[in-house]
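One-letter residues, chain by chain:
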Amino acid sequence: GQSLEQPSEVTAVEGAIVQINCTYQTSGFYGLSWYQQHDGGAPTFLSYNALDGLEETGRFSSFLSRSDSYGYLLLQELQMKDSASYFCAAYRGGGKLIFGQGTELSVKP
Amino acid sequence: DVKVTQSSRYLVKRTGEKVFLECVQDMDHENMFWYRQDPGLGLRLIYFSYDVKMKEKGDIPEGYSVSREKKERFSLILESASTNQTSMYLCASSRLSGRGDTEAFFGQGTRLTVV
């Protein structure tokens, strides 16, 4: 089958660093994406890793290891506004995505 | 500002009704998608379309159909609504190819309740 596994919830304090892991099992894998969704909002694109390694975009970084079928999203200098759900998604080509079940991040003062 | 617009934020329909969910994008994207989102299950792909009048089944197409008569508009149809179709429905669009098709733009969602 095709599936992505990520923790259901993570809690961290403001200013800290948090890592959200994602393991995947899917055929036709092209790369791994991450999306953020605030409560009641639309999912928004954060990053995409086609190749192994770390990609950094401001406070957010994303990592992929194809050999381990594993990736993570790293959020640094956490802010209250980072409280949201984060989804990893395997990209299958042609725009098609398979999503994980989502990780709810709570940032505490 | 790029936009994917879904016609309704909330809908309540009766079992057995035919339900239409409408989605319009203003980015001239070729790809359009319908997902449903349920707690603990993430987003699951129902149908997608690469072009006008083209459609392909996603992972959970049973009980649904779609229509794409114009490039900017993609409709999801529940032929006979059932209570297990109560869910949040999300429309998305992306470019056809290249790096652009790895980034999907989502609408705000339609929360459908079937009673």
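Residues numbered from 1 in each chain as written. Chains lettered and ligands numbered in written order. Predicted model: local features only at pLDDT ≥ 70, side-chain atom pairs only at ≥ 80, totals over all residues. Heavy atoms only, no water.

### Overview of the layout of surface pockets
Stated formally: Points on a 1 Å grid, built from protein atoms alone, make a cavity when a 1.4 Å probe fits but cannot get out and make a pocket when they are open with protein on both sides within 12 Å along at least 5 of 7 lines; residues with an atom within 4 Å of a point are the lining residues. Grid points are joined across faces, edges and corners, and a volume is the space filled by probe spheres set on the points. Starting at the N terminus, helices and strands are each numbered in turn, a helix being any DSSP run of H or I of at least four residues and a strand any DSSP run of E of at least two. All amino acids are sorted into three groups, where Ala, Val, Leu, Ile, Met, Phe, Trp, Tyr, Cys and Pro are nonpolar, Asp, Glu, Lys and Arg are charged, and the leftover types, Gly among them, are polar.
By volume, the largest pocket amounts to about 610 Å³. Around the largest pocket sit 29 residues that line it, and Q37(A), D39(A), S85(A), F87(A) and Q37(B) are the ones nearest its centre. At the level of elements, strand 9 (84-91) and strand 11 (103-108) of chain A together with strand 4 (31-38) and strand 9 (87-94) of chain B are the ones that each hand at least two residues to the lining of the largest pocket. At 4 residues, the largest contribution of residues to the lining of the largest pocket is made by strand 11 of chain A. Class assignment of the residues belonging to the lining of the largest pocket gives a composition of 7 nonpolar, 16 polar and 6 charged. Roughly 200 Å³ of volume is contained in the second largest pocket. Forming the walls of the second largest pocket are 15 residues, and the residues nearest its centre are I98(A), F99(A), L41(B), L43(B) and R44(B). Elements represented by at least two residues in the lining of the second largest pocket include exactly strand 1 (3-5) and strand 10 (97-99) of chain A together with strand 5 (42-49) of chain B. When its residues are assigned to classes, the lining of the second largest pocket shows 8 nonpolar, 5 polar and 2 charged.

### Quick word on the side chain of T110(B)
Residue and element names in this part refer to chain B. Rules: Burial classification: accessible surface area is computed with a 1.4 Å probe over protein chains only, and a residue below 20% of its type maximum counts as buried, one above 50% as exposed, and the rest as partly exposed. Whether two residues are in contact is decided by their heavy atoms: any pair within 4.5 Å suffices.
Checked against the element boundaries, T110 lands in strand 11 (residues 110-114). On the accessibility criterion, T110 (1% relative accessible area) is buried. In this view, T110 contacts Q6, S8, R9, L11, L21, S87, M88 and Y89; residues no more than four positions away in its chain are not counted.

### Notes on the sheet that holds strand 3 (residues 18-25) of chain A
Residues and elements named next belong to chain A. Counted only if it meets this: Here, strands pair whenever DSSP counts at least two bridges between them. Axis geometry follows a simple rule: fit a line to the C-alpha atoms, using only the stretch in contact for helices, then measure angles between N-to-C directions, giving values from 0 to 180 degrees.
Taken together, 5 strands build an open sheet; the order of strands is 1-3-8-7-6 and the sheet is antiparallel. The sheet is open, and its two borders are formed by strand 1 and strand 6 (53-57), each paired with just one other strand. Averaged over all pairs of adjacent strands, the angle between their axes in this sheet comes to 20°, without regard to strand direction.

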